[in-house]
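Below, each chain spelled out in residue letters.
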Amino acid sequence: MLLPFPLPAKSLIAAAVATLAFAAHAQDAQTVKIAHAGPISGGIAHIGKDTENGVRLALDELNAQNLVIGGKKIKFELVAEDDAGDPRQATAVAQKLCDTQVAGVIGHLQSGTSIPAASVYNKCGIPNITASATNPDLTKPGYKTTFRLIANDNALGAALAIFAADTLKIKKVAVIDDRTAYGQGLADVFKATAKQKGIEVVGEEFTTDKATDFMAILTGIKAKKPDAIFFGGLDAQAGPMLRQMEQLGLSNVKFFGGDAMCTEKLPDLSSKAGSVKNVTCATGGASIQKMQGGAEWKKRYDAKFPGQFQIYSPYAYDATYVLVDAMKRANSVDPKTYLPFIGKTQYKGVTASIAFTANGELTKPAVTLYSYKNNLRTALN
């Protein structure tokens, strides 16, 4: 295009330099896709959304830092995928993320989805860190791409059984699980430890992670007069179960469960049944109040996502920072290059000081027990 008047030579040179500089800057900028995979539809969508929020918060903060990695300014972009808590959908999501060539994945939420998805990520070489899946089988294959940022069921189930025996003096317990990899695995660990501690297992029942009616199961258990019920499953089932326990006159029976039912929403899901006061549940890691920097982190989370906090978002937040910390140390966003640096992580996160064993487990996993006082989740340790 012709200019309406000639520019001085110096102005032409300056304009050309500015144009070249802008083009070079634009060329240097690089978008790096970090994925979150979990259920953001269905009965536990509130838990999946919580972990997604944790990733969003971390990426927003990281983008504000204007990071330069490998000589290029980095802009992180979240790729959010819904696996609906279904193992088959989880593997399809994992393959999609491989095909999209994301730089890393935070997820999946449940053990039943994380275990099959991990195999897919291993084949395509994409690092994946779960903030929540606790079945020990996740890391048994020894995939170099898979990491867990929370204590596994061996720690959670054992801690609950020890507390039941030593502190609450439980003598007889009935066990229910939802037949998922998570629920069944947690129940098996609890049963084994409970028996070692001298607790009699008076009944074993099974349900599904979609059920809402437990009257028949609970009626059968009532006849066996247990001191406690252990449930391996999700808050979406634990809530109605607690409500139905109260309807059947089981409101004084203690109720134990793992991290997936140990949410802020459990009292609401039970319609604030009186039996909630008898719940003891376990989560991997410290309570928000005892996390290093947890209180300040929670303020930032609540400001961005008011009323949405459940349980796993601080772990998803830290998992995101762990990925990026490895990228920075490797000076590369290429998974093939930065993956080995994840295994050498020494990162002071919100949830803990994070380091991994050779098979991707935390070197020092913590467990926190909770009860519910006035329908508010309260740490016991």
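First, a word on scope: everything that follows refers to the structure included in this document. The model shown is predicted, which means the values in this text are computed figures rather than measured ones.

1. Considering the packing of helix α5 (residues 153-166) against helix α6 (residues 181-196)
At step 1: Where α5 contacts α6, the axes come no closer than 8 Å and their chain directions differ by 45°. By the angle between their axes, α5 is oblique relative to α6. When the axes of α5 and α6 are compared, the crossing they make is right-handed. In this structure, α5 contributes Asp 153, Asn 154, Leu 156, Gly 157, Ala 158, Leu 160, Ala 161 and Ile 162 to the contact, and α6 contributes Tyr 182, Gly 185, Leu 186, Val 189, Phe 190, Thr 193 and Ala 194.
At step 2: Each residue belonging to the contact of α5 with α6 can be placed in one class, and the counts come to 10 nonpolar, four polar and one charged.

2. As for the state of the cysteines
At step 1: Here the structure, examined in full by the defined rule, presents two disulfides.
At step 2: Here Cys 98 engages in a disulfide with Cys 124; their sulfurs sit 2.0 Å apart. On the sign convention where negative is left-handed, the bridge of Cys 98 and Cys 124, at about -55° about the S-S bond, is left-handed. Here Cys 98 is found in helix α3 (residues 87-100), whereas its partner Cys 124 is found in helix α4 (residues 111-124), with 26 residues between them in sequence.
At step 3: Residue classification places Cys 98 among the buried positions, given a relative accessible area of 9%.
At step 4: Here Cys 262 pairs with Cys 281 through a disulfide, and the sulfurs are 2.1 Å apart. Because the torsion about its S-S bond is 55°, the bridge between Cys 262 and Cys 281 counts as right-handed. Taken together, the residues span a long stretch of sequence, with Cys 262 in the loop between β10 (254-257) and α9 (266-269) and Cys 281 in strand β11 (residues 279-284) at a distance of 19 residues.
At step 5: You can call Cys 281 buried: its relative accessible area is 0%.

3. A short note on the environment of Ser 332
At step 1: Assignment of secondary structure puts Ser 332 in the loop between α11 (313-330) and α12 (335-342).
At step 2: Looking at Ser 332, the relative accessible area reads 13%, which means it is buried.
At step 3: The spacing of Ser 332 and Glu 81 is 251 residues in sequence and 25 Å in space, taken between C-alpha atoms.

4. Examining the sheet that holds strand β9 (residues 228-232)
Whether parallel or antiparallel, the strands of a sheet pair through hydrogen bonds between backbone atoms.
At step 1: Taken together, seven strands build an open sheet; the order of strands is β8-β7-β9-β10-β11-β14-β15 and the sheet is mixed. Strands with a single pairing partner mark the edges of an open sheet, and in this sheet they are β8 (200-206) and β15 (376-379). For this sheet the average axis-to-axis angle between neighbouring strands, irrespective of direction, equals 25°.
At step 2: By the bridge criterion, six bridges tie strand β7 (residues 172-177) to β8 in an arrangement that is parallel. Directly across from Val 173, in β8, lies its bridge partner Val 201.
At step 3: Along the sheet, α6 contacts β7, β8 and β9; its crossing angle with β7, the most-contacted strand, is approximately 165°.

Analysis parameters
- Residues numbered from 1 in each chain as written.
- Predicted model: local features only at pLDDT ≥ 70, side-chain atom pairs only at ≥ 80, totals over all residues.
- Heavy atoms only, no water.
- Axes fitted to C-alpha atoms, helices over the stretch in contact; angles between N-to-C directions.
- Helix = DSSP H or I, 4+ residues; strand = E, 2+ residues; numbered from the N terminus.
- Parallel < 35°, antiparallel > 145°, perpendicular 65-115°, else oblique.
- Left-handed = near helix turned anticlockwise from the far one by under 90°.
- Contact = heavy atoms within 4.5 Å.
- Nonpolar A, V, L, I, M, F, W, Y, C, P; charged D, E, K, R; others polar.
- Disulfide = S-S within 2.5 Å.
- Buried < 20%, exposed > 50% of the residue type's maximum accessible area, 1.4 Å probe, protein only.
- Pairing = 2+ DSSP bridges.

None of the figures reported here should be taken as evidence of function without further support.
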